[in-house]
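# Inside the fold
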Amino acid sequence: MKKRSEALMWRSSLNKVSFVLHGALMLADQHQYPTMIKRYLVAVLLACSLAHSQAPAPDHWIAVRAGRLFDPKSEKLATNQVVTIKGDKIVEVGPADKVKIPAGAEVIDLTHATVLPGLIDAHTHVFANGNDLEAQLLRDSYQYRTLVALANANKDLMVGFTTLRDLKTLGAMYGDVDLRNAIDRGIVQGPRMQVSTRGIQSTGGFMMNGYSSEVPVPMMLQVVDSPWAAREAVREQIAHGSDWIKLYATHQFHFSADGKMVIPPTFTAEEVNAIVDETHRRGHKVSCHAFGGEGLHNCLNAGVDTLEHGVLLEDSDLKMMVEKGIYLLPTLYHYQLDREHDEKRFGGHSVAEISERSFPKAVAAGVKIAFGTGVGPFPHGTQTKEFEYMVKFGMTPAQAIRAATLGGATLMGWEDRVGSLEAGKFADIVAVNGDPIADITELERVKFVMKGGQVFKNELK
C-alpha cells in the first residue's frame, strides 16, 4: 500500500510538472522564443508523459467506494455502491453490502462524492491551440504540433475526459494516428482516442487569407473537387489509419437583412454521396461539419453518422435525423464565446442565437445527441462548460451526462468498452464533490480521474 501511495504521489507530481511545462510552451510561442528552447521544453514534457505511462499490474485489485454512483442507462443515482477493479477492467458493481472486496485490494474512498463513468468529448481538436491557427501552421513543424496535441489531450484527461473523438489535424497530416497509437501502446499516456486525420473540403474552403496567390501556403484540409477524387481521399485517409472521415459540407455564412442565416454549400450532393458511400463500404463512419442549408441537407440525405454543429435545423432535418439515427454534436459553448464577435460582424446577429433555438427542438424531437465541444480554438481543459449550456437550452442534467458517457460511447461504437460502469468495461471513472443531477456545473470541478484502473487525479483524499 505504501509503494502504491508513493507511486500515485509521483504520478500526480509529474502531471503537475507537465502542466507547468505546457504553460511554458505556450509562453514560448507567444514570445517567439528560440526554437531550441521550445524543443527542450517539448522533450521534457514528453519525458514526463513517458514517466507516468505505466499501466496497473494485471493482478492488482482496487475497490472504489462510491457515496453516489450515476448509471447513464437509467439516468439515476444509486447510493452506497462499490466498484471492484482488476487490472484495467471493472469486475463488479453493486451495493456495498453485496459486493465483496477482495483481500488485499487497494480501497479508494469516494463515499462523500458522486462517481460517474469517464467522460467522452466526441468533438475535439487537440491539434488546435488557440485561434491563431494560421500562425501555428506556418510556424510549427508536424512533430512539434503533435507533441503539443499530446499536452492538450492530457489537459482534457485531467478534467475528466477519458475518451476523445478528435476531428482533424488542421494541417498536421496523420499526426493524430501516431498520437492515438502511442497512447494505445502505452508509450505515452492520454485519453482513448478515435481520429479523423486530415478532413476533406472542396476548393475555396478553409484557406489562409491575406497572402499572395503566388505564395504556397499549407492547407488545413485535403481538397477534392469530384466524386472520384472524394473516393480517392477516403481510401487514402483510411489506409493511413483514420477511424472517421470528416467532411466540410458548409464553410462561410452570413446574415441577410431580415436576420436569416444564409449558409451556402461547399460540395455537390454527388460528392457528398461518394464520400459517405466509400466510407461506409470500408466499414468506417462519416462526420459532417454543417451549420445548415443545402450542405446540411446533402449530408442527411447521404446518411452521415454524425452532424457537427447543426446550428440551423429545420423540422424536416430533425425528422430525418431521428429516422436515420444520426447523432447531433451541438458545440453550444463555443458559440457563446463568439457571441460578441459575431454581433459586431453581423449587425447584431450571432450563431449563438440561432443554435439556442435549434437545440431545444432537437432535444424535443428525440434526436440522438452526444457531448461534443469543438475545443481547440478555445483552451483545452475548459470545455466542461458545455454541460451548463446543454441544460440551459433544453436537456435535463441526467440527459447531458448520458450524452457525455453512454451517448458518446455508442456513437463511437465503443459501448462495450466505455460509457458506463459495468463488469467487463474499462475502469474509466471520474468523481465530483457534489450532486451533478442537482447542479450540472459540478462537472466543471472534477476532482478524481481514473483511466483503465490508473489514477491520474485525486483531490478527494
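Residues numbered from 1 in each chain as written. Predicted model: local features only at pLDDT ≥ 70, side-chain atom pairs only at ≥ 80, totals over all residues. Heavy atoms only, no water.

## Focus: the pattern of salt bridges
This is how it is decided: By definition, a salt bridge exists where a carboxyl oxygen of Asp or Glu is found within 4 Å of a side-chain nitrogen of Lys or Arg. Secondary structure counts use DSSP, requiring at least four H or I residues in a row for a helix and at least two E residues in a row for a strand, with both numbered from the N terminus. For the exposure calls, accessible area comes from a 1.4 Å probe over protein chains only, and a residue counts as buried if that area is under 20% of its type's maximum, exposed if over 50%, partly exposed in between.
Throughout the structure, instances matching the rule amount to 21 salt bridges. The salt bridge partner of E308 is R165, with a shortest N-O separation of 2.9 Å. In this pair, E308 sits in strand β14 (residues 306-309) while R165 sits in strand β6 (residues 161-166), placing the two residues 143 residues apart along the sequence. The residues E308 and R165 share a single accessibility class, namely buried. Among the ionic pairs, D277 bridges to R231, the shortest N-O distance being 2.9 Å. Placement of the pair is D277 in helix α7 (residues 269-281) and R231 in helix α6 (residues 227-239), with a sequence separation of 46 residues.

## Re the layout of surface pockets
Our working rule: Put simply, the grid is 1 Å and covers the protein atoms alone, a cavity is a trapped set of points that fit a 1.4 Å probe, a pocket is an open set with protein on both sides within 12 Å along at least five of seven lines, and lining residues have an atom within 4 Å of a point. Grid points are joined across faces, edges and corners, and a volume is the space filled by probe spheres set on the points. Side-chain classes follow a simple rule in which Ala, Val, Leu, Ile, Met, Phe, Trp, Tyr, Cys and Pro form the nonpolar group, Asp, Glu, Lys and Arg form the charged group, and the remainder, Gly included, forms the polar group.
Empty space within the largest pocket amounts to approximately 1,200 Å³. Lining the largest pocket are 34 residues, with F206, H251, H334, D338 and P377 sitting closest to its centre. Broken down by secondary-structure element, the contributors of at least two residues to the lining of the largest pocket are α3 (133-139), β10 (244-248) and α10 (332-345). For the lining of the largest pocket, the element with the highest residue contribution is α10, accounting for 7 residues. A per-class count over the lining of the largest pocket returns 14 nonpolar, 13 polar and 7 charged.

## Regarding a nonpolar patch on the surface
Just so we agree on the cut-off: Patch construction takes residues with relative accessible area above 30% that form no salt bridge. Like charges are linked within 9 Å, and nonpolar side chains (Val, Leu, Ile, Met, Phe, Trp, Tyr) are linked within 5 Å. Method for areas: the Shrake-Rupley scheme with a 1.4 Å probe, in which residue coverage is limited to the protein chains shown.
Residues L138, Y211 and V215 make up a contiguous nonpolar surface patch of roughly 260 Å² in combined accessible area. With respect to the helices and strands, the residue Y211 is situated in the loop between β8 (200-201) and β9 (222-223). Its relative accessible area of 38% is what places Y211 among the partly exposed residues.

## Things to note about the environment of V64
Applied cut-off: Pairs of residues are marked as contacts when any of their non-hydrogen atoms sit within 4.5 Å.
Checked against the element boundaries, V64 lands in strand β1 (residues 61-71). In the structure, V64 is positioned 19 residues away from V83 in sequence and 5.0 Å away in space, judged by C-alpha atoms. In this structure V64 touches Q81, V82, V83, I85, I108, L110, I429 and M450, once residues within four positions along its chain are discounted.

## With respect to the sheet that holds strand β7 (residues 192-195)
Applicable threshold: Pairing between two strands requires that DSSP report at least two bridges joining them. A fitted line through C-alpha atoms serves as each axis, taken over the contacting stretch for helices, and the angle formed by two N-to-C directions is quoted from 0 to 180°.
Here 3 strands make up an open sheet; going across it, the order is β5-β6-β7 and the pairing parallel. Of all the strands in the sheet, just β5 (119-124) and β7 have a single pairing partner and so form its edges. With direction set aside, neighbouring strand axes in the sheet form an average angle of 15°. The pairing of β6 with β7 spans 4 bridges and is parallel. Across the sheet, the residue bridging to L164 is M193, located in β7. In the packing of helix α13 (residues 397-412) onto the sheet, contacts are made with β5, β6 and β7, and the angle to β5 comes to roughly 55°.

## Observations concerning the state of the cysteines
Note on terminology: a disulfide is the covalent bond linking the sulfur atoms of two cysteines. Threshold: Cysteine sulfur atoms are paired as a disulfide whenever they fall within 2.5 Å.
On inspection of all chains with the given rule, the structure shows 1 disulfide. Across the disulfide from C288 sits C299; the S-S distance is 2.1 Å. Its S-S torsion of about 80° marks the bond between C288 and C299 as right-handed, since a negative value means left-handed. Residue C288 is located in strand β13 (residues 285-290), and its partner C299 is located in helix α8 (residues 293-302); the two are separated by 11 residues in the primary sequence. The pair C288 / C299 is uniform in exposure class, with both members buried.

## Some words on the pairing of strand β2 (residues 76-86)
Relative to β2, β1 runs antiparallel, the two sharing 10 bridges. Along β2, the bridge assignment pairs I62 with I85. What sits between the antiparallel neighbours β1 and β2 is a turn of 4 residues, in which E75 has the positive phi angle 60°. Hairpin connection between β2 and strand β3 (residues 89-95): a loop of 2 residues separates the two successive antiparallel strands, and G87 in this loop has a positive phi of roughly 65°.

## Structural notes on the nonpolar core
We count it as follows: To define a nonpolar core, start from buried Ala, Val, Leu, Ile, Met, Phe, Trp, Tyr and Cys residues and group those joined through side-chain atoms within 4.5 Å.
The biggest cluster of nonpolar side chains holds 76 residues, and the ones touching the most others in it are L307, L328, F359, I369 and M390. Core analysis: the next-biggest nonpolar cluster, separate from the first, contains 19 residues, I108, L110, A113 and V115 among them.

## Re the sheet that holds strand β17 (residues 448-451)
Strand order in the open sheet formed by 7 strands is β3-β2-β1-β4-β16-β17-β18, and the pairing between neighbours is mixed. Two strands close off the open sheet at either side, each with one partner strand: β3 and β18 (454-458). In this sheet, neighbouring strand axes are inclined to one another by 30° on average, regardless of whether the strands run parallel or antiparallel.

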